Amino acid sequence: CYQQAKQVLHVAVPERLHAREEEMGIIRAFLRDHLCGHQPGSLYISGPPGTGKTACVSRVLLDCQDELAGSKTIVLNCMALGSPGSVFPAVAQELGLPGASGREGVRRLEKKLTAQQGPMVLLVLDELDQLESKGQEVLYTLFEWARLPGSRLVIVGLANALDLTDRSLARLGALPAGSSPQLLHFKPYSREQLSAILQERLGQVGGDPVLDAAALQFCARKVSAVSGDARKALDICRRAVEVVELEVKSQTLLKPLPGGE
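Not measured: the values here are computed from a predicted model.

## Quick notes on the domain arrangement of the protein
- The domains assigned to the protein are domain 1 (1–9 + 189–253) and domain 2 (21–185).
- Domain 1 and domain 2 are separated by 35 Å when their C-alpha centres are compared.
- Considering only the surface of domain 1 that becomes buried against domain 2, Tyr189, Asp229 and Arg231 emerge as the three largest contributors, covering 79% of it.
- On inspection of domain 1 and its partner domain 2, the count reaches zero salt bridges.
- Here the side of domain 1 that touches domain 2 is built from residues that sort into two nonpolar, one polar and two charged.

Structural data, given as structure tokens:
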């Protein structure tokens, strides 16, 4: 039961994301409108860590695989890039182009993404704020591509900062209606939502409850007061299960054998 409990408390993408149905519906509708409707565009998703941004996008992409089969999907974690400008060769490589280093390479990539023929390209950029640079040239270039005539690029950017578009992409706010990025904000999880997430996960474990309901409420209350980070709540409960498991193993090892041997 301890192994099962630790498994259901993992932070990988679950089959169902509690309390994020509305946000997932917005993401799903955006992808259908732009990718299936062959309309370029951009969506900026913000919210504190552990509020389900990446998990929701990943879940929607998994659920909509058949619908998006005609599009090319590229998912990049910008934390893994050496520099903001490294995003261009990374995207070029995914599209089968020679490395897009230097201005010529960037122009070649732009030409590819704005050519009339070819599939729509979905570019998911997690930790988008890592692409901030002097003059914000990298971010402006990417978001400009998503609104050029004939563009086949759809961008979904994710970051913690609520004000990234206002702070770093102020010029985009001055664009005509429908040209600037669509915004979606994820609020921290409440105590009730965290408690429901924990109970739902642990409800998958058969037999007696591994963690007491009062303990789950206590964990949810503490985490919601500090951050509302679901990953933190899952980590705490998983660690608690590990501690109990070690104690039980220790007691079993020290238990006297039958007959006093």
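## Here we look at the environment of Arg201
- Relative to the elements of secondary structure, Arg201 occurs in helix 9 (residues 191–202).
- Arg201 gets classed as buried once you look at its relative accessible area, which sits at 9%.
- Each C-alpha atom, one on Arg201 and one on Ile45, is 26 Å from the other, the two residues being 156 residues apart in sequence.
- When near neighbours in sequence (up to four residues on either side) are disregarded, Arg201 contacts Val8, Leu9, His10, Ala12, Pro14 and Leu234.
- A polar side-chain atom of Arg201 sits 2.7 Å from the main-chain carbonyl oxygen of His10.

## Some details on helix 4 (residues 87–94)
- Those residues of helix 4 not exposed but buried are Val87, Phe88, Ala90, Val91 and Ala92.
- On its buried face, helix 4 is in contact with strand 2 (72–77), helix 5 (102–113), strand 3 (121–126) and helix 6 (137–145).
- Immediately downstream of helix 4, the backbone of Gly96 shows phi near 75 degrees, a positive value.

Conventions and cut-offs
- Residues numbered from 1 in each chain as written.
- Predicted model: local features only at pLDDT ≥ 70, side-chain atom pairs only at ≥ 80, totals over all residues.
- Heavy atoms only, no water.
- Domains from an automatic or database assignment.
- Buried area = accessible area lost by both parts, 1.4 Å probe.
- Salt bridge = Lys/Arg side-chain N within 4 Å of Asp/Glu carboxyl O.
- Nonpolar A, V, L, I, M, F, W, Y, C, P; charged D, E, K, R; others polar.
- Helix = DSSP H or I, 4+ residues; strand = E, 2+ residues; numbered from the N terminus.
- Buried < 20%, exposed > 50% of the residue type's maximum accessible area, 1.4 Å probe, protein only.
- Contact = heavy atoms within 4.5 Å.
- Polar contact = N/O pair within 3.5 Å; in protein donor to acceptor, adjacent residues only side chain to side chain.

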